Amino acid sequence: MKKFIIVFTLLIISIILYARFIGTNNYKITEHTIEIENLNESFDGFKIAQFSDLLLGSTKSISDLEDIVNEINNMDADIIVFTGDLISKSYDIKNEEIEQIKELLRKLDCTLYKYAVIGDNDLNNYKEIMTDSEFIVLDNESNYIFYEDITPIKITGITDTSNIEKALSTTDNLNTTYNIVLTHYPDYIDTLSEYNVDLILAGHSLLGQIKIPFVGGIIKKDGANKYIDNYYEVNNTKMYVSGGLGIDNNYYYRLFNKPEINLYRLSNK
């Protein structure tokens with residue numbers, strides 16, 4: 001009996017440790033308030049929900065996506081942004097699954113718009129999926145967000161750094177209260193910080209996926225080799241990196257690195 005109790009206790013402890021530190025089925029909500037000098041009053045309290053690196057077919061399934069959609073909708077965000085890697089490129093997705101994904105992503109609800117950028121796992125049908133899901137795909141291009149005022153926020157999606165000036169340009173060149181860039185790759189901050197960019201929201205790194213206490217994330221890859229942690233500031237450009245929701249196919253678990261959905265509140269400083 002004593003042996004059974006010991007074994008049973010160890011089993012329970014193992015399950016708890018796996019769910020808390022290694023498993024990828026659960027996730028956390030990470031919230032940040034971003035204080036901004038001279039932010040237009042109409043954007044004070046503006047909420048941005050970010051999700052990234054779903055990598056459906058790795059550890060996240062379409063049934064998981066339904067719960068994620070509900071969680072994001074509970075945030076009552078003004079805009080929703082997806083920073084790339086929707087489906088794992090190693091996953092042989094079926095047409096009926098694509099239709100299910102579109103149906104679920106269409107249910108994402110916010111005050112204004114839903115935006116997406118392109119990640120390294122996002123193949124030929126990605127734009128079609130996101131457009132049919134009522135997302136605006138920003139592929140090296142910029143857009144304006146107007147909200148109760150004539151002075152907008154500029155939002156730009158960067159796929160690559162081949163022509164940053166063109167991507168950041170707009171035909172009417174309006175004055176803006178804040179300039180946001182969405183990109184999959186956090187290492188782009190070294191280039192983007194040379195331009196008039198206030199905030200970057202990125203993904204890709206999975207925060208190193210495997211995190212060692214007092215060391216940090218240890219898995220680095222192209223596009224997230226230098227910048228893999230949650231937050232950086234370079235030349236007055238702030239960057240938040242989402243830990244994402246899925247896993248890289250080369251490493252089948254996350255350690256001390258719970259998947260996350262992110263919520264940002266803009267605040268007039």
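So, how was this worked out
- Residues numbered from 1 in each chain as written.
- Predicted model: local features only at pLDDT ≥ 70, side-chain atom pairs only at ≥ 80, totals over all residues.
- Heavy atoms only, no water.
- Salt bridge = Lys/Arg side-chain N within 4 Å of Asp/Glu carboxyl O.
- Helix = DSSP H or I, 4+ residues; strand = E, 2+ residues; numbered from the N terminus.
- Buried < 20%, exposed > 50% of the residue type's maximum accessible area, 1.4 Å probe, protein only.
- Expected span 1.5 Å × (residues − 1).
- Arc of directions from axis to C-beta.
- Contact = heavy atoms within 4.5 Å.
- Pairing = 2+ DSSP bridges.
- Axes fitted to C-alpha atoms, helices over the stretch in contact; angles between N-to-C directions.
- Phe/Tyr/Trp six-rings, centres within 6.5 Å; stacked < 30°, edge-to-face > 60°.
- pLDDT = per-residue confidence, 0-100.
- Core = buried A, V, L, I, M, F, W, Y, C linked by side-chain atoms within 4.5 Å.
- Patch = residues over 30% accessible without salt bridge, like charges linked within 9 Å, V, L, I, M, F, W, Y side chains within 5 Å.
- Areas by Shrake-Rupley, 256 points an atom, 1.4 Å probe, with all protein chains shown as cover.
- Lys, Arg positive; Asp, Glu negative; His and termini not counted.
- Charge placed at Lys NZ, Arg CZ, Asp CG, Glu CD.

Engineer: How would you sum up the pattern of salt bridges? Please name residues and give values.
Structural biologist: Scanning all chains against the criterion turns up 7 salt bridges. Asp190 is the partner of Lys226 in a salt bridge, and the nearest nitrogen-oxygen pair spans 3.1 Å. With Lys226 in the loop between β11 (216-217) and β12 (231-234) and Asp190 in helix α6 (residues 189-192), the pair connects residues that are 36 residues apart, well separated along the chain. Looking at Lys226, the relative accessible area reads 52%, which means it is exposed. On the basis of relative accessibility, which here comes to 29%, the residue Asp190 falls in the partly exposed class.

Engineer: How would you explain helix α3 (residues 95-106) if you had to name every residue and give the values?
Structural biologist: Here α3 is 12 residues long and its end C-alpha atoms lie 17 Å apart, about the 16 Å a rise of 1.5 Å per residue gives. Every buried residue of α3 is listed here: Glu97, Ile98, Ile101, Lys102, Leu104 and Leu105. The buried side chains of α3 occupy one side of the element, clustering within an arc of 165 degrees when seen end-on. Against β2 (47-51), α2 (62-73), β4 (114-116) and α4 (126-132) lie the buried residues of α3.

Engineer: Account for the sheet that holds strand β3 (residues 79-82), naming residues and giving values.
Structural biologist: The strand order β1-β14-β2-β3-β4-β5 describes an open sheet built from 6 strands, whose pairing is mixed. With partners counted over all chains shown, the strands left at the sheet margins are β1 (28-36) and β5 (136-137), one partner each. Where β1 meets strand β14 (residues 260-268), 9 bridges bridge the pair, whose relative direction is parallel. Its bridge partner lying in β14, Ile34 is registered against Leu266. Contacts from α2 reach β1, β2, β3 and β14, with the element oriented near 15 degrees to β14.

Engineer: I'd like a description of the packing of aromatic side chains, backed by residues and values.
Structural biologist: Under the definition given, this model contains 10 aromatic pairs. Taking the centre distance of 4.8 Å and the plane angle of 45 degrees together, the rings of Phe51 and Phe82 count as tilted. Linking Phe51 in strand β2 with Phe82 in strand β3, this pair joins segments that are 31 residues apart in sequence. The same class applies to Phe51 and to Phe82, which are both buried. Ring plane angle 50 degrees and centroid distance 4.8 Å describe the contact between Tyr231 and Tyr240, whose orientation is recorded as tilted. Through pairs of rings, three or more aromatic residues link up here, namely Phe43, Phe46 and Tyr147.

Engineer: Can you break down the sheet that holds strand β6 (residues 141-145) residue by residue, with the values?
Structural biologist: If you trace the 6 strands from one edge of the open sheet to the other, you get β6-β7-β8-β9-β13-β12, paired in mixed fashion. Strands at the two margins of the open sheet, each flanked by one partner only, are β6 and β12. With strand direction ignored, the average angle separating the axes of adjacent strands in the sheet is 20 degrees. By the bridge criterion, 5 bridges tie β6 to strand β7 (residues 153-158) in an arrangement that is antiparallel. Note that in β7 the partner of Glu141 across the bridge is Gly157.

Engineer: Which residues make up the confidence of the model for the chain, and what values do they have?
Structural biologist: Here the chain averages 89 in pLDDT, while 90% of its residues score no lower than 70. Throughout residues 3-23 the model reports pLDDT below 50, and contacts reaching past four residues in sequence, or to other chains, amount to 12 contacts.

Engineer: Quick rundown of the nonpolar core? Include the residues and the values.
Structural biologist: Membership of the largest hydrophobic core comes to 33 residues, with the highest contact counts inside it found for Phe51, Leu54, Phe82, Leu86, Ile101, Leu105 and Met130. For this core, the secondary structure elements donating two or more residues are β2, α2, β3, α3, α4 and β14. Considering each element in turn, this core owes the most residues, 5 residues, to α2. Setting aside chain neighbours within four positions, we find Met130 in contact with Phe82, Leu86, Leu105, Ala116, Phe135 and Val137. Tyr178, Leu182, Tyr240 and Leu266 belong to the second-largest nonpolar core, a separate cluster that totals 23 residues.

Engineer: So what's going on with a negative patch on the surface? Residues and values would help.
Structural biologist: On the surface, a cluster of negative charge is made up of Glu41, Asp44, Glu148 and Asp149. Relative to the helices and strands, Asp44 resides in the loop between β1 and β2.

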